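One letter stands for each residue in the lines below.
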Amino acid sequence: MTHSVAREPQRRNSRSNRARILATARQELGRNPDVTLEEIARASGVVRRTLFGHFPGRAALLEALAEEASEALRGVLEVAVRPEEPAERALAHFVYSIWPVGDRYRLLLALAQRDLGVERVAGLLAPARDEVTAILARGQRDGVFHPHLPPAVLSAGLEGMHIALLEQVNAGALEDDGTRTAVVTLIAAGVPEERAKGVVDDVVAAAAADAASTASTASTASTATGRSGV
């Protein structure tokens, strides 16, 4: 028992170091895909041996980032999918909700060909691709989106546009919280511009209201817990 208790601070410190290394790697690789592990260790505030203790090489570090991105994507998918809403609103909500994940891990797109491989990235994106394809198919059936391309092909085209926009964010040429990308996605899918803007404005307002409500609920719960002395 004594040894287990003594090891717990070490485990917490190890988890903290790992999280800090991953966060730093996301930032540094986003700035420079050729950054070395030694430079990442230095920026993380850990010694080289500590970094290599968690990640024996560049491939292991990138795989950890890929898995982290996959977990984040799965988490967003749980709230981003809105099958009960009209297709145009469902697509806007999906793009707006998923954009922060793409923005946070956009470096993986830059590193896909060279380090992770196309198949690994395809596996990460498969759930999102399937959902967008389903929304587009529903919208085409309802006459909301243009029928000139099969849903899967249109989805691939929109994904290519999103990747290009993320690259522009990476290059510093574009700033976006997902709003602008959601609008152009609806336009590219066949929604008139003014209608696209209105739908996205409604989606963004609803998301802000949901966030405020969640924060208020959390604050109330925290206050109640404090008063109860728990």
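Calculation criteria
Residues numbered from 1 in each chain as written. Predicted model: local features only at pLDDT ≥ 70, side-chain atom pairs only at ≥ 80, totals over all residues. Heavy atoms only, no water. Helix = DSSP H or I, 4+ residues; strand = E, 2+ residues; numbered from the N terminus. Buried < 20%, exposed > 50% of the residue type's maximum accessible area, 1.4 Å probe, protein only. Contact = heavy atoms within 4.5 Å. Areas by Shrake-Rupley, 256 points an atom, 1.4 Å probe, with all protein chains shown as cover. Salt bridge = Lys/Arg side-chain N within 4 Å of Asp/Glu carboxyl O. pLDDT = per-residue confidence, 0-100. Expected span 1.5 Å × (residues − 1). Bend = angle between axes of the 7 residues up to and from the residue. Core = buried A, V, L, I, M, F, W, Y, C linked by side-chain atoms within 4.5 Å. Axes fitted to C-alpha atoms, helices over the stretch in contact; angles between N-to-C directions. Parallel < 35°, antiparallel > 145°, perpendicular 65-115°, else oblique. Left-handed = near helix turned anticlockwise from the far one by under 90°. Nonpolar A, V, L, I, M, F, W, Y, C, P; charged D, E, K, R; others polar.

Trainee: Can you walk me through the overall build of the protein chain in this structure?
Mentor: The helix and strand tally for the protein chain stands at 10 helices and 0 strands. For the protein chain, the residues scored as buried account for 36% of the 230 residues in total. In the protein chain, the share of contacts with a sequence separation of at least 24, taken over all contacts with a separation of at least 6, comes to 66%. By element, 55% of the accessible surface of the protein chain is carried by carbon and sulfur atoms, the whole surface being about 12800 Å².

Trainee: Is there a simple way to explain the pattern of salt bridges in this structure?
Mentor: Two side chains bearing opposite charge may form a pair once their charged atoms approach each other closely. Summed over the entire model, instances satisfying the criterion amount to 9 salt bridges. A salt bridge links Arg 129 to Glu 159; its shortest N-O distance comes to 2.5 Å. Within this pair, whereas Arg 129 is found in helix α7 (residues 118–141), its partner Glu 159 is found in helix α8 (residues 151–170), the two being separated by 30 residues in sequence.

Trainee: I'm lost on the confidence of the model for the protein chain in this one. Help?
Mentor: A low pLDDT score tells you not to read the predicted coordinates there in detail. Of all residues in the protein chain, 86% attain a pLDDT of 70 or more, and the chain-wide mean is 84. Confidence scores differ between elements of the protein chain, with helix α6 (residues 106–116) showing the lowest mean pLDDT of 71 and helix α9 (residues 179–189) the highest of 97.

Trainee: How should I be thinking about helix α4 (residues 58–80) in this particular structure?
Mentor: Here α4 contains 23 residues, and its C-alpha end-to-end distance of 32 Å stays within 8% of the 33 Å for a straight helix at 1.5 Å per residue. The set of residues buried in α4 consists of Leu 61, Leu 62, Ala 64, Leu 65, Ala 66, Ala 69, Ser 70, Leu 73, Val 76, Leu 77 and Ala 80.

Trainee: Would you mind showing me how to read α7 here?
Mentor: Each turn of an α-helix holds 3.6 residues, which means side chains three or four residues apart point in the same direction. At Leu 125, α7 shows its largest kink, close to 50°, and the proline Pro 127 lies no more than four residues downstream. Taken as a whole, α7 has its buried residues at Val 121, Leu 124, Ala 128, Glu 131, Val 132, Ile 135, Leu 136, Ala 137, Arg 138, Gly 139 and Gln 140. Note on α7: the residue one or two positions beyond its end, Gly 143, has a positive phi of about 80°.

Trainee: Please clarify how the nonpolar core should be interpreted in this entry.
Mentor: Generally speaking, soluble globular proteins have nonpolar side chains that are buried together. Among the nonpolar cores identified, the biggest contains 52 residues, and Leu 29, Ile 40, Leu 91, Phe 145 and Leu 186 are the most heavily contacted of them. Looking at this core element by element, the count peaks at 10 residues for α4. Leaving out residues up to four positions away in the same chain, Leu 91 has contacts with Val 132, Ile 135, Leu 136, Phe 145, Thr 185, Leu 186 and Ala 189.

Trainee: Help me understand the environment of Val 95 in this model?
Mentor: If you trace the backbone, Val 95 turns up in helix α5 (residues 87–104). Classification of Val 95 by relative accessible area gives buried; the value is 5%. Spatially, the C-alpha atoms of Val 95 and Ala 182 are 5.5 Å apart, while their sequence positions differ by 87 residues. Other than its neighbours up to four places away in sequence, Val 95 contacts His 162, Thr 181, Ala 182 and Thr 185.

Trainee: Explain the environment of Val 184 to me, please; I cannot follow it from the model alone.
Mentor: One can find Val 184 in helix α9. On the basis of relative accessibility, which here comes to 33%, the residue Val 184 falls in the partly exposed class. Considering only alpha carbons, one finds Val 184 and Lys 197, 13 residues apart in sequence, at a separation of 8.8 Å. Look past the residues within four positions of Val 184 in its chain and what remains in contact with it is Met 161 and Leu 165.

Trainee: Before we go on, may I ask you to explain the packing of α7 against α8 in this structure?
Mentor: The relative placement of two packed helices is expressed as an angle between their axes plus a distance between the axes. Relative to each other, α7 and α8 sit at 125°, their axes nearing to 8 Å. Of the possible angle classes, the one that applies to α7 and α8 is oblique. Here the hand of the crossing between α7 and α8 comes out right-handed. Across from Leu 125, Arg 129, Val 132, Thr 133, Leu 136, Ala 137 and Gln 140 in α7, the residues of α8 making contact are Pro 151, Ala 152, Leu 154, Ser 155, Leu 158 and Glu 159. Residue composition of the contact of α7 with α8, by class: 8 nonpolar, 3 polar and 2 charged.

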